[in-house]
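Understanding the architecture of this molecule
Each chain is listed here by its residues.
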Amino acid sequence: MKATVITYGCQMNEYDTHLVESQLVSLGADLVPGVDEADFVLVNTCAVRGKPVDKVRSLLGQLRKVKAQRPLVVGMMGCLAQLEEGQQMARKFEVDVLLGPGSLLDIGQALESNERFWGLQFKDELHEHIPPAPSGKLQAHLTIMRGCDHHCTYCIVPTTRGPQVSRSPDDILRELDLQLAAGVQEVTLLGQNVNAYGVDQGARLAGYPSFADLLRLVGRSGVRRIKFTTSHPMNFTEDVAAAMAETPAVCEFVHLPVQSGSNRVLRRMAREYTREKYLQHIDEIRRHLPHAVLATDIIVGFPGETEEDFQETLSLYDEVGYDSAYMFIYSPRPGTPSYKHFADLPRELKTERLQRLIARQKEWSARRNAEKVGTVQEVLLRGDAHDAGFLEGHTRGNHPTVVPKAIGASGAGVYPVRIEHATPHMMYGRILDAFGEPLPEQPRLNPEAAAVTSPLQMA
Ligand code: SAM
Ligand code: SF4
């Protein structure tokens, strides 16, 4: 069988894609890069907003056309598969295999079955399953918990992914050991609310460390860089900031989604913290990590958001001065409390507020990135950048960075880089040698073309 998995959505979906791909390989499948070569296409879906749902609908329509012309098995997994909305789509577009986020290990059974197979249960075995490490990669994801016990009024995740289940620290460390043996240098610990690790449905699990202590444990594994996401402000404790500061491998990067700067909106979102509490956490982070890089998620145009509420979001943005932000227009998701009970705001109003927020974000990202010019950053270079002769990667603070290939540094690796130029969304620099001098650049096949496209020339 030749299989391909197409992934939409978050890092958790990327992790699940890797998990299912490794199952497929162990079932004897060849992983192929595209639909044309495949006889099994599995779509890993996202249901958090309307846009990714529309993308899946359009892809499934195209796959139905391919299916009409040649034998093809089509599968759907991820959040949308768990919802009636996704199941209706699956019926309409003749999807053969449907796996909810809790039934991923049913993939073998699904492919053996000669009939349509739908798996929608949340199965415990998934939490103990340890996928093999990704091969040839410096970065890996590691799921430390699944599901979510919060009920933010706009969010479909608790429905699609079920209640929170923390994975055992032993399983986490065993999976990390495999990743380290495979050469992974940066691991990102994943969960919807990592700060609540070890406390499922309000009960602390015996023998499970707090999230802060898990960071300390993972820090002792020998992994070079540790990141984590997502950190819910409601369960953030100062001990997490302390653990970050005292564990050198933990990167000084915190993604703390605020969603809104207005207490009125936060209450209607049921986020369970106030603006003041959120800012107190930012102070705690800065006290322990004065150079912390801060990122957030913001939803604009939540039902009932007034201009005054939105101004509070802008003023909070200025108060924190984030390095970066994921910004979303509120998307009403069927089945969520806000969809049922609150009227959506006009599209134009939401779009206009998003534009103003993006402008503010650009100003801050430009300022934050400019502060890095002249500094030396540890950059994990993943491999070739879009421009020939360049490599791309990211700093410990998650800033996307591009450098010219150098003699002795022409591929993936972790290098010291002096930042020479910055835009709001990218930093450019040169790899340094052991004496802090730029390594000689690799000769280019077409130096003229490289000079034209060099980001270092674009200042
Ligand atoms: N668990 C994380 C938290 O609470 O911070 C967030 C996980 S959610 C999958 C990722 C982001 O999607 C959220 O932080 C939120 O900004 C956004 N999001 C979720 N539901 C949304 C909706 N209905 N409309 C717009 N954005 C939404
Ligand atoms: Fe959704 Fe809220 Fe849970 Fe995050 S904490 S996944 S936004 S319900």
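Above this note sits the structure.
About the cut-offs
- Residues numbered from 1 in each chain as written.
- Chains lettered and ligands numbered in written order.
- Predicted model: local features only at pLDDT ≥ 70, side-chain atom pairs only at ≥ 80, totals over all residues.
- Heavy atoms only, no water.
- Pairing = 2+ DSSP bridges.
- Helix = DSSP H or I, 4+ residues; strand = E, 2+ residues; numbered from the N terminus.
- Contact = heavy atoms within 4.5 Å.
- Axes fitted to C-alpha atoms, helices over the stretch in contact; angles between N-to-C directions.
- Parallel < 35°, antiparallel > 145°, perpendicular 65-115°, else oblique.
- Left-handed = near helix turned anticlockwise from the far one by under 90°.
- Buried < 20%, exposed > 50% of the residue type's maximum accessible area, 1.4 Å probe, protein only.
- Near = heavy atom within 4 Å.
- Nonpolar A, V, L, I, M, F, W, Y, C, P; charged D, E, K, R; others polar.
- Expected span 1.5 Å × (residues − 1).
- Salt bridge = Lys/Arg side-chain N within 4 Å of Asp/Glu carboxyl O.
- Core = buried A, V, L, I, M, F, W, Y, C linked by side-chain atoms within 4.5 Å.
- Polar contact = N/O pair within 3.5 Å; in protein donor to acceptor, adjacent residues only side chain to side chain.

It is worth spelling out the sheet that holds strand β4 (residues 73-78) at this point. If you walk across this open sheet you meet the six strands as β2-β1-β3-β4-β5-β6, and the pairing is parallel. Two strands close off the open sheet at either side, each with one partner strand: β2 (30-31) and β6 (117-119). Relative to β6, strand β5 (residues 97-99) runs parallel, the two being bridged by three bridges. Bridge pairing in β6 places V97 opposite F117. This element, helix α1 (residues 11-26), spans β1 (2-7), β2, β3 (40-45) and β4 of the sheet and lies at about 175° to β1. Those strands touched by helix α2 (residues 50-69) are β1, β3 and β4, and its axis lies near 170° from that of β3.

Moving on, we get to the packing of helix α11 (residues 275-288) against helix α12 (residues 307-320). Look at α11 against α12: their axes get within 11 Å of each other, and the N-to-C directions meet at 15°. Judged by the inter-axis angle, α11 sits roughly parallel to α12. Viewed along their axes, α11 and α12 form a crossing whose handedness is right-handed. Together, R275, Y278, L279, I282 and R286 of α11 and E312, S315, L316, E319 and V320 of α12 make up the contact between the two elements.

Let us look at the sheet that holds strand β16 (residues 324-329). The sheet built from three strands is open, its strands ordered β14-β15-β16 with parallel pairing. Whereas interior strands pair on both sides, the edge strands pair on one side only; in this sheet they are β14 (253-255) and β16. Each strand axis lies, on average, 10° off the axis of its neighbour in the sheet, ignoring direction. Pairing geometry for strand β15 (residues 293-300) and β16, over six bridges, is parallel. Its bridge partner lying in β16, I299 is registered against F328. Contacts from helix α14 (residues 347-372) reach β15 and β16 within the one sheet, and its direction differs from that of β16 by about 175°.

So, about the environment of K340. By the secondary structure assignment, K340 is in helix α13 (residues 337-341). Residue classification places K340 among the exposed residues on the basis of a relative accessible area of 57%. It is 15 Å that separates the C-alpha atoms of K340 and E85, two residues lying 255 residues apart in sequence.

Every residue lining ligand 2 is accounted for by C148, H150, C152, Y154, C155, V157, P158, Q192, H232 and R271. Across the shell around ligand 2, the residue classes tally to six nonpolar, three polar and one charged.

So, about α11. An α-helical turn contains 3.6 residues, so a residue and the one three or four places further along point in the same direction. Between its first and last C-alpha, α11 extends 20 Å over 14 residues, near the 20 Å set by a 1.5 Å rise per residue. All of the buried residues along α11 are R275, Y278, L279, H281, I282, E284 and I285. Lining the buried residues of α11 we find α9 (238-246), β14, α10 (263-269), β15 and α12.

What follows covers the pattern of salt bridges. Following the criterion strictly, the structure yields 33 salt bridges and no others. D96 is the salt-bridge partner of K67, the closest N and O atoms lying 2.8 Å from each other. Note that K67 is positioned in helix α2 and D96 in the loop between α3 (84-92) and β5, a separation of 29 residues in sequence. For D96, a relative accessible area of 22% gives the class partly exposed. Members of the salt-bridge network, linked through shared partners, are E186, R224, R225, K227, E252, E378 and R396.

Another aspect to go through is the nonpolar core. The biggest cluster of nonpolar side chains holds 50 residues, and the ones touching the most others in it are I144, L189, F211, L215, I226, F228 and Y278. Beyond its immediate sequence surroundings of up to four residues, F228 is in contact with T188, L189, V194, F211, L215, V240, M244 and V250. Of all hydrophobic cores here, the second largest spans 25 residues; its members include V32, L63, L72 and A90.

For ligand 1, the set of nearby residues contains 17 residues, the closest of which are Q192, Q259, R271, D297 and S331. Here an oxygen atom of ligand 1 sits 2.7 Å away from a polar atom, N or O, in the side chain of Q259. Between ligand 1 and the protein, one listed contact pairs a nitrogen atom with a backbone N or O atom of S331 at 2.8 Å. In terms of residue class, the shell around ligand 1 is built from eight nonpolar, five polar and four charged.

Considering the arrangement of structural elements, one finds D171 in helix α7 (residues 169-181). Given a relative accessible area of 8%, D171 falls into the buried group. Apart from the residues lying within four places of it in its own chain, the contact partners of D171 are H127, E128 and I130.

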